[in-house]
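# Coordinate inspection notes
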Amino acid sequence: MKRSILLFSLLFTGLLFGQTITDSIQLDPQKQINAAQRLLSGNYASAVTVGAYGEMLYNQPEAQNGELDVQRLVVLFGYRFDDRTQFVTEIEFEHVEEVYIEQAFVNYNAAPNFNIRGGLMLVPMGIINEFHEPTTFNGTERPELDNVIVPTTWRELGVGITGRFNSLSLGYQAYLFNGFKSSQSDGEGGVQGLLGGSSGLRGGRQKGIQSTIDSPNLSTKLDYYGIPGLRLGFSTYFGRTQAADNVEEFDGSDIGMVMYGLDARFAHQNFTARGQFIHASLSDTDLYNNLTGSNLGSALQGWYLESAYNVLPMGKRQKLYAFARYETYNSHFKVDGSLQTNDAYDRSDITTGLTYHIAPGVVVKGDYQFRSNAADDSDVPDRLNFGIGVWF
C-alpha cells in the first residue's frame, strides 16, 4: 500500500512536468551552492562576511507526545585576507545547549579553477552532507539515509584540492582526512566500540575534537554539470578507522572501509527531482565486534528517489513545492562471522508534504512520514513534521 502511494505521488508530479520555468536558485542543481561556497564566491565590499542558517522543528510521532526544538542555528563567518586567500567558519548551536564548529578552513586560490584547502571541512559524500541548509532540500527532516549511512553532518580535519575543469563541465574535490574513531578504552581495562548496527558509522565522527589519527583517509568527489538542468555526482572514501592510543594495539580495534556514492539532481521548468545511492563496505568487522561487543555490519547501503513540483504560477516570487520521497537504508546490509542480521536495521520511509518558500532564504515545511522496517516493529511510529528554516 505504501509503495502504491509513493508510485502515485511520483506519477502525479511527473504528469505536471513541463509547465513553467522556476528561478529558485536553492533548488536549481546548476546554480545551487552551499553556505561555504556563498562566502567564498561573493564579491563583498568588506573583507568580513557574516551569515547564518537555522531550523525550528515540530515532530509528532504517532501516539506519542510531540517535540518542539530549535534543532540548529549555524552562524557563518568569512574573512578575505587578499584576492587569493580566504577563511571560512561555521559555528553550530544544536538544540540550544550544544556548540560545535561545523567548518573552519583556509581556502587558497592557487590558480584558476584550482584551490588548496586545509582545516575542518565537510566530507563530500552524497548531496545533503554538503548541501544541508534548510532552503536547499525538501522535507522537514533530512533524509534518514544521510543520518545513518553517510552520516550527516560528517566533517573532519584534513587538507585537499578543489576546482573545475570547465571544458569538461566537471567539478572535482580530493582530500586527506582523519578517519572515524572506532574504539576507545572503557575505563575498566576493556575496549568500547563507537560504531554499531543501528547507528552505523555515526558514533565515530571526530568533528575536529582532539581527533586521533594513525593513517589518513582519502575522500574524492566528481560533479558533472554539462547537461542543462542536470547535476551528477560520484563520491568515494577509502581508508581505515582510527583507534585511541590506549587500545590501538588490540586486534580488531579498527576496521577498513570503502564507501562510494552516486547522486543526481534535476530541474526542468517547475519540476525538480533528486536521487542518491550510498554503499559502504567494511572489513575486519568480525574482529571488531568480538573485541567490543558491538553489532556492526560488514556492509551498509541505502538509496532514495524524490520528485517535487512547484504549484504556483510562473513569475511568482514565492514557491510552493509538493513533493514525495521514497528511501530505503540498511545498516545490516551484510554481516560477517557469527553476527546475525537484524531486520530492524533494514528500514524504509515514505515522506510526502509541502515546502513553501515565502521569500528567498525563508522556508516553511510540513510533511508526513510513513516509516517501517523489515522486522515490522511497532516501535517505528509514523511521524508528522513541521518546520521553519532560514538562510542568509
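Figured I'd write up the structure that's included with this text. (Residues numbered from 1 in each chain as written. Predicted model: local features only at pLDDT ≥ 70, side-chain atom pairs only at ≥ 80, totals over all residues. Heavy atoms only, no water.)

Our focus in this paragraph is the overall build of the protein. Summing up its helical and strand segments, the protein has four helices and 19 strands in all. Expected size for 392 residues packed as a compact globule is a radius of gyration near 21 Å; at 21 Å, the protein falls within 12% of this value. Principal-axis analysis of the C-alpha atoms places the extent of the protein at approximately 65 × 60 × 40 Å. In the protein, which comprises 392 residues, the proportion classed as buried is 52%. Residue pairs in contact within the protein that sit at least 24 positions apart in sequence constitute 63% of those at least 6 positions apart. With the model as given, the accessible surface of the protein reaches about 17100 Å², and the carbon-plus-sulfur share is 58%. Seen as two clouds, the 29 positive and the 43 negative side-chain charges of the protein have centres 11 Å apart. (Helix = DSSP H or I, 4+ residues; strand = E, 2+ residues; numbered from the N terminus. Rg over C-alpha atoms; globule rule 2.2 N^0.38 Å. Buried < 20%, exposed > 50% of the residue type's maximum accessible area, 1.4 Å probe, protein only. Contact = heavy atoms within 4.5 Å. Areas by Shrake-Rupley, 256 points an atom, 1.4 Å probe, with all protein chains shown as cover. Lys, Arg positive; Asp, Glu negative; His and termini not counted. Charge placed at Lys NZ, Arg CZ, Asp CG, Glu CD.)

To continue, consider the nonpolar core. Ranked by size, the top nonpolar core spans 38 residues in total, and within it Met125, Trp154 and Met259 carry the most contacts. Looking at this core, the elements with two or more residues in it are helix H2 (35-41), strand S2 (67-80), helix H3 (145-148), strand S7 (170-177), strand S13 (256-268), strand S14 (271-283) and strand S15 (299-310). Sequence-distant contacts of tryptophan 154, that is, excluding residues within four places in its chain, are made with Met121, Leu122, Val123, Met125, Asn129, Phe180, Arg205, Tyr237 and Met259. (Core = buried A, V, L, I, M, F, W, Y, C linked by side-chain atoms within 4.5 Å.)

Residue placement: threonine 153 occurs in the loop between H3 and strand S6 (155-165). Among the residues examined, threonine 153 registers a relative accessible area of 5% and is labelled buried. Reaching out from threonine 153, the side chain makes a polar contact with the side chain of arginine 142 at a distance of 3.2 Å. Setting aside residues no more than four positions away along its own chain, threonine 153 makes contact with Glu102, Leu122, Asn129, His132, Arg142, Arg202 and Arg205. (Polar contact = N/O pair within 3.5 Å; in protein donor to acceptor, adjacent residues only side chain to side chain.)

Take the pattern of salt bridges next. A complete count under the given rule lists ten salt bridges for this structure. Its salt-bridge partner being arginine 325, residue glutamate 306 comes within 3.0 Å of it at the nearest N-O pair. With glutamate 306 in strand S15 and arginine 325 in strand S16 (residues 319-334), this pair connects stretches of sequence that are 19 residues apart. Through salt bridges with shared partners, a single network forms among Glu130, Lys221, Asp223, Arg231 and Asp263. (Salt bridge = Lys/Arg side-chain N within 4 Å of Asp/Glu carboxyl O.)

Now for the side chain of arginine 274. Counting through the fold element by element, arginine 274 comes out in strand S14. For the buried arginine 274, no salt bridge exists, and the shortest N-O distance to an oppositely charged side chain is 4.4 Å, to glutamate 306. Among the polar contacts listed, one links the side chain of arginine 274 to the backbone oxygen of threonine 136, at a separation of 3.2 Å. Residues contacting arginine 274, with those up to four places away along its chain left out, are Gln32, Ile127, Ile128, Thr136, Phe137, Ala264, Arg265, Tyr304, Leu305 and Glu306.

Right, let's talk about helix H4 (residues 285-292) for a bit. Think of an α-helix as 3.6 residues a turn; residues three or four steps apart then line up on the same face. Of the residues making up H4, those classed as buried are Thr285, Tyr288, Asn289 and Thr292. Projected onto a plane normal to the axis of H4, the buried residues spread over an arc of 95° and lie on a single side. Check the buried side of H4 and you find it contacts strand S8 (181-185), strand S9 (191-193) and S14. Directly beyond the C-terminal end of H4, a positive phi value near 75° is found at glycine 293. (Arc of directions from axis to C-beta.)

The way to describe two aromatic rings as a pair is by their centre distance and the angle between their planes. All chains considered together, the criterion is met by ten aromatic pairs. Both rings, one in tyrosine 260 and one in phenylalanine 277, keep their centres 6.2 Å apart while their planes meet at 40°; by these two values the pair is tilted. Of this pair, tyrosine 260 sits in strand S13 while phenylalanine 277 sits in strand S14, placing them 17 residues apart in sequence. Taking relative accessible area as the criterion, tyrosine 260 reaches 33% and is therefore assigned partly exposed. (Phe/Tyr/Trp six-rings, centres within 6.5 Å; stacked < 30°, edge-to-face > 60°.)

Another aspect to go through is unusual backbone geometry. Here the amide bond leading from valine 150 into proline 151 is cis, since omega sits at -10°, within 30 degrees of zero. Look at serine 169: it is not a glycine, yet its phi comes out positive at around 55°. On the secondary structure map, serine 169 appears in the loop between S6 and S7. Overall, the relative accessible area of 19% leaves serine 169 in the buried class. Although it is not a glycine, glutamine 269 sits at a positive phi angle of roughly 55°. If you trace the backbone, glutamine 269 turns up in the loop between S13 and S14. Residue classification places glutamine 269 among the partly exposed positions, given a relative accessible area of 25%.

All chains considered together, the criterion is met by two cavities of 30 Å³ or more. For the second largest cavity, the calculated volume is near 70 Å³. Lining the second largest cavity are twelve residues, with Leu39, Thr49, Tyr79, Arg80 and Gln86 positioned closest to its centre. Secondary-structure elements contributing two or more residues to the lining of the second largest cavity are H2, S2 and strand S3 (85-94). Among the residues forming the lining of the second largest cavity, the class breakdown is seven nonpolar, four polar and one charged. (1 Å grid on protein atoms, 1.4 Å probe; cavity = no way out; pocket = protein on both sides within 12 Å on 5 of 7 lines; lining within 4 Å. Points joined across faces, edges and corners; volume = space filled by probe spheres on them. Nonpolar A, V, L, I, M, F, W, Y, C, P; charged D, E, K, R; others polar.)

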